[in-house]
Amino acid sequence: MDPTQSTTRTQTLESVTGVHLMQGIGHKPAKGFWGEAWSQVVRRPGAMLGLAWISVISFFACFAPVIASGHPIVWRDKTGAETVTSYPLFEYLTAVDLLLIVFGIVGPLWVLIPLGASRGKRLGMLIAAGFQAAVIASLAMYLQSRITHGTAPGWVLDMWLNVKAPKENPNGPRDLLILLSSLSIAGAVSLLWIFIPFTKHWWTRVPFVLLVGAVSFACISAKWTPKLESWPYHKFEASGKFEGTYTLVPWSPLQGDTAFNRKAPGESPASMLPEDRVYKTVDRPYVLGTDADGRDVLSQMLHACRLSISIGLVSTSIAVVIGVTIGALMGYFGGWVDMVLYRVVEIFMSFPVLLLLIIAAGVLPRNTYVMMAIIGCFSWMTAARFIRAEFFKLRDQDFVQSARAVGLPLRSVLFKHMLPNGITPVLVDASFLIAAAINIEAIISYLGLGPGDRPSWGHLLSAATGQTGEFIWWLATFPGLAIFLTVLSYNLIGEALRDAIDPKLKKARV
Amino acid sequence: MPATTPSTAKTSTRTSPSASKLDESVPLLRVADLAVSFDNGKGPRIQAVDGVRMTIYPRQTLAVVGESGCGKSVTAMSTMQLVPRPPGRFDRGAAFFNHNGKSVNLLTLSEREMQQFRGSEIAMIFQEPMTSLNPVYTIGDQILEAILLHQNVKLDEAIEIAVRAMDDVGIPDPRSRLSDYPHQFSGGMRQRVMIAMALACDPVLLLADEPTTALDVTIQAQILELLRKLQNDRGMGMMLITHDLGVVAENADVVCVMYAGRVVEYGTVFEVFKHPLHPYTRGLFASIPKMHEHRRRLVTINQIVDNLDEFKKLPGASDGVRPWWPWHDPPKDIRPKPGPAGDYYLQEVSKDHWVGVWRTAAVSDHESPPPDLDYRIADDPDAPSKKK
Amino acid sequence: MGTYLLRRLFLLIPTVIGMTFLIFMLIASSKGGIGAALAFSSGAGQAKGESAALQRARLEDRYGLDSNVVVQYGRWIGRVSPVKFGTRDQVSPAGERFREPRSMKDPPLWEWFVGALPEADAPQEVPAKDAEDEVKQDAYRQASNDFAAARVDHVRARTEFELAVGNLLRETGHKDAVESDGTVNLGLAKRIEPDKSHAMWSDVEQKAQLMLDTYKKTISNKATLDASFATKPFPEAGIPIIPGVISVGAPDLGMSFSRSVPVISLIKDALPITLLLNLVAFPIIYLIAVPSGILAATHRGSWIDVASGSLFVALWSIPVVWAGVLAIGFLANDKYLGLFPVSGLHDNDAANFLMLPSWGKDGFKMGYALDTLWHLCLPVACIVYGGFAILSKQTRAAMLENFTMDYVRTAKAKGVDGGSIVMRHVFRNSLLPIITMFVTVFPATLAGSVVIERIFSIPGMGSMIIDAIFLRDTEILLSNSLIIGIVNVVALLLADILYAMADPRITYK
């Protein structure tokens, strides 16, 4: 019995029997669960369109500050004998802008250029890196705001006052402190990260973690300039002694000018100016018009991509973490734990969640982070129910029983044997949750309960119908279309994923 | 093929067809060179059944034996067109059913014509009694549905027929249990309900697809006993699909052993049990643990079928006749016909015994008839041991 | 069946309590807590301060704002529950509700000034118990007004005193005892020894004197009011179970401050509108989604399946606010198509309409019913479109799953034809998950209708809630949430019962 010979004999057959399959003929090598699911998703045109749109949004989320900004890229000052050139656009990028730009460039390259490790693994490392950078950035920014508002812990403030004392270089010591603190935070996060397994040997992660830490820390410590929305560059340009080169969309999102009022798509600021103008203006039209305060809609929409992406991801992550934890507790322990926690789930489910969210958004502080948190905290129920149901099934299955029987610790049984088998429906559901979160953000912003401190599609949409009954079609159409396409994309990806992993539907034929 | 509608021929008066009405010398069902394959989504199609031949006579039990996935159920379901198409497809062959003296190819009937045969002429019982009944309808609803479909009777007559059918299969207090739901029955009782449902319309052919596999041993015996009794009373032909050789020995007249979608051995139950010729059949028998033997390890089927000596035991082995075995390379002098299963041939080795062999020079020169055994143990005076 | 229903109804109580607790805590955790002042109060200057103080006093009565939030919740649920504990309220024939006056809160930081709190004067004379009702009522109203006036003065004096204390503390280096909004952290302040030599101390002392004077007047007036209340000037509300301890009566949903009417009367107007929207929308969702789901399942992979699937996913993804804005803008706005009314549920002139359409001499008249339907078109369209996808998809999935079931094979083997298999066997079994979907679809529709009401200015529960959020009208917020929650829970209960009826495997025990 020589399998190689049989292979050569039957390879040309157009059909195979069970024996051939046992001999390994007619089988394609398994791609693994997620590989298989991915190849199913790729075959759906809808899902691919969705992925493409999400990529576009992500691109703008990273690069919006250098695509749409009121700051000129190059600014030439000809007042003196020699022309002084400066680069305001880059000067006024915030730390987060800079980090995202770095990620926007490095990320795709990192995933697309083959580098030994498999693409999925590299994607995992990228996500890990993003997470690490986000933690470092938010901790450093938190610390910075505490210092500047004087509400930091005593020892930090003492240190701060000590380093502030030398007057020669007022920025030097402050930067040094921030440098040191972000370095230590980066170090701590990196250490933590090294011990979270996603590649086989922990030491292979060290250089990667250090690299990401160094990049994020460099970005953050280099950029402590306060955010500047806009500057009356045009006023200076009118004197003829200055000259600026602008980005593609030469307006910052919140750069409003009440004198200019609302303009329809295609109009340019120049067309509205009086003859004796003190402003030299960019002669480019507002492609998508402006809102009532004369703020460019396109620029706002581009900058809002970041909010849209982050609100979906952050709130869904919160929901998944809460849901998986509670669901796992219910499903694994059962009994009274299940009874008590399931009552909580039922209470949450017995009220229209959207209404709960509207009330929460209405009474709690109007803040982007609060909004992410409340959306996350009020949408974990489906995840919890999925995990609970899966765990109830898994708990009695032989491999879990035997894992328990050989005395594996609870941690190992839960995270190694049960969670990977039960998490699939939750991950598919996450796609729908992201879509729902974006939808909810739009609704809350539309109702006027949103943060309003940064551009948001929902906020723009809400300006489309005023109390006076007027209707501004471009404010209704473009932001709404963006929300719709994003929600549709996530829904399509979710549908494709669900169909890909649901063996019941695959089997079903009429 | 002209559309034939059995329901017009069948009237309400025909409540107990005696065996004499059926011509016992004509096979009820003749499966000829059946090949069924399934779409695998990607990659080549899966050939589930390939060149299967068999016959079933009235009052005869044909046992189809083989491991899971060898094509037993697909064969049975194909004859009722229950194979979902697509992904399934009939590649070749025919299943001729003797309907009132006319031979009807079941595979080419339209869905509407086929519905007239299903349930009324050919009935099938399935392996899983727990899930084969619709949970939201009462037992009565489900039995009556079949009766009202196929027999031209009023509702109260139909209820009478259903009650009688349930009584026949030994369900106590049938009239009151008609309004019970399946979940109120035990597994054995549900299988009885399935049988009652299958037999309510007096089919002439019963396809029993592992009717006892999901049941415990005592219930198994009861159900098989019941089936045998009903078969004798009504003169039905029965295809009994199983992988339990004990069940075969107890119940079958003719045995058909299948492997990888092909028939490897076909013969009367005594022939096959006494003189198994194909190594696979021999392996099957050898792998049954024996009561009085003490062995450290049981003989596995692979030990038998890998043993080249086993292959030489076939009559004519010296002339180059070799049992067909997909795990071996075909002999040098193979003369395959074009198309699938062209390398395989079901060879008659004695009057009541067929074996699947490679189509070598030795066999292709001696065309043998397809398997066809009009044999019943009950009629056989020479049967080595009469059953009970 | 009866006991099953009873048990299920009984189980609703903890759910409703948990749900309202959640919302209560949400509001309590907001800035200002349950007692947060109205964001808008009528009047200006003096009048505004007075109305705010009055509101504050009412809220304090209702919730006891000085106690723990959980206790506050307890007070609230005690008021809204039909089973009540303690002294019964008294209700005038006009529907005014009078409850036993709550004990007064001690004035803050009085330890700084006096050795002991002032005692109340003896209550003024009140009519005897057997006096005429009218006399008792007049006396009670008089006492009540006196008390309210004194209390408003006291609350204002207290507020001014706290401001003065806050200024003093800030000046004397106790910044941490003053919150960022200027209120004093009383717990911390109590432990501070005030700097009596500071120039601001005299101001504080003066304000304290005023506060204590008003306090004394208030508690004196309260004693009178208590005595007057004890004469039972009005009929008592509810039916006593154990007199003085437990009674059963209508829920007390409180007064809306922004509209100065009992919340219950607002809800009486708004609830039917919301229910009407949902009751029109819901059958439409089921009637479109379920048949299309069945079609998609029976024609799996065909263009019907793909087209209905894609269309519904696209519809599902349209944000409801966008749909609403576009509908108002393009379909209703006169500048564009102007086909439908822009807002509301009736024409302005609807009160004068006939019920049915009619032909008069000035042409066709819509009539009340048709006018309402016409107004309903856009809102209902906006509510329903999002529900199709999830229900149709679920129907399709359930049908497909049931198609693989063994009993379908059995039915086929019996000779049942394809149509009967689809409807009689597969669809009948798929009914169960379709009923289950109610649990997902109904709350979504209900919440959707809230948003839609806002967009189309329909005066339903949703509009009311969102107005109340902006105005910080706690009573409306809590009561409307309670009512919507109950509507939702009852709907889910109906679905449960329907499920139990559809599935013979479930017994009502």
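As the structure is a prediction and not an experimental result, all values here were calculated from the model.

## Digging into the sheet that holds strand β3 (residues 84-86) of chain A
Residues and elements named next belong to chain A.
Then, number 1: Overall, antiparallel pairing links the three strands, which are arranged β3-β2-β4 in an open sheet. Of all strands in the sheet, those with a lone pairing partner are β3 and β4 (242-245), marking the two edges. Neighbouring strand axes in the sheet, compared pairwise and without regard to direction, differ in orientation by 15 degrees on average.
Then, number 2: Relative to β3, strand β2 (residues 74-77) runs antiparallel, the two being bridged by three bridges. Considered in β3, the bridge of Asp-77 is made with Val-84.

## Description of the pairing of β4 of chain A
Residues and elements named next belong to chain A.
Then, number 1: Only one face of β4 is buried, namely the one carrying Phe-242 and Gly-244, since none of Glu-243 and Thr-245 on the opposite face is buried.
Then, number 2: With four bridges connecting them, β2 and β4 associate as antiparallel partners. When the sheet's bridge partners are listed, Asp-77 is paired in β4 with Phe-242.

## Regarding the interface of chain C and chain A
Then, number 1: Each partner contributes residues to the interface: chain C has 58 residues there, and chain A has 53 residues.
Then, number 2: Counting each side, the surface lost to burial between chain C and chain A is near 4,500 Å², with a carbon and sulfur contribution of 76%.
Then, number 3: Summed over the shared surface of chain C and chain A, the number is two salt bridges.
Then, number 4: A salt bridge links Asp-499 of chain A to Lys-393 of chain C; its shortest N-O distance comes to 4.0 Å.
Then, number 5: On inspection of chain C and its partner chain A, the count reaches five residue pairs in polar contact (both at pLDDT 80 or more).
Then, number 6: When contributions to the side of chain C that touches chain A are tallied by element, the ones reaching two or more residues are α1 (2-28), α7 (263-298), α8 (303-317), α9 (320-332), α10 (367-403), α12 (418-455), α13 (461-471) and α14 (474-502) of chain C.

## Things to note about the pattern of salt bridges
Then, number 1: Scanning the entire structure with this criterion turns up 33 salt bridges over all chains.
Then, number 2: With its nearest N and O atoms 3.2 Å apart, the salt bridge here joins Asp-50 of chain B to Arg-262 of chain B. Remark: Arg-262 of chain B occurs in strand β10 (residues 262-268) and Asp-50 of chain B occurs in strand β2 (residues 45-56); sequence separation between them is 212 residues.
Then, number 3: When its relative accessible area of 8% is taken as the criterion, Arg-262 of chain B is described as buried.
Then, number 4: For Glu-145 of chain B, the salt bridge is made with Lys-414 of chain C, and the minimal N-O distance between the two is 3.1 Å. One end of the pair, Glu-145 of chain B, is in helix α4 (residues 139-150); the other, Lys-414 of chain C, is in helix α11 (residues 406-414), on a second chain.
Then, number 5: Each of Arg-44, Glu-495, Arg-498 and Asp-499 of chain A together with Lys-393 of chain C takes part in a single network of salt bridges with overlapping partners.

## What about helix α5 (residues 155-168) of chain B?
Residue and element names in this part refer to chain B.
Then, number 1: For α5, which comprises 14 residues, the first-to-last C-alpha distance of 20 Å matches the rise-based estimate of 20 Å (1.5 Å per residue) to within 8%.
Then, number 2: Residues of α5 that are buried include every one of Ala-158, Ile-161, Ala-162, Val-163, Ala-165 and Met-166, and no others.
Then, number 3: Looking at the buried positions of α5, the neighbouring elements they touch are α4, α6 (174-177) and α7 (187-199).
Then, number 4: Residue Gly-170 follows α5 closely and has a positive phi angle near 85 degrees.

Reading the values: rules and limits
Residues numbered from 1 in each chain as written. Chains lettered and ligands numbered in written order. Predicted model: local features only at pLDDT ≥ 70, side-chain atom pairs only at ≥ 80, totals over all residues. Heavy atoms only, no water. Pairing = 2+ DSSP bridges. Helix = DSSP H or I, 4+ residues; strand = E, 2+ residues; numbered from the N terminus. Axes fitted to C-alpha atoms, helices over the stretch in contact; angles between N-to-C directions. Buried < 20%, exposed > 50% of the residue type's maximum accessible area, 1.4 Å probe, protein only. Contact = heavy atoms within 4.5 Å. Buried area = accessible area lost by both parts, 1.4 Å probe. Salt bridge = Lys/Arg side-chain N within 4 Å of Asp/Glu carboxyl O. Polar contact = N/O pair within 3.5 Å; in protein donor to acceptor, adjacent residues only side chain to side chain. Expected span 1.5 Å × (residues − 1).

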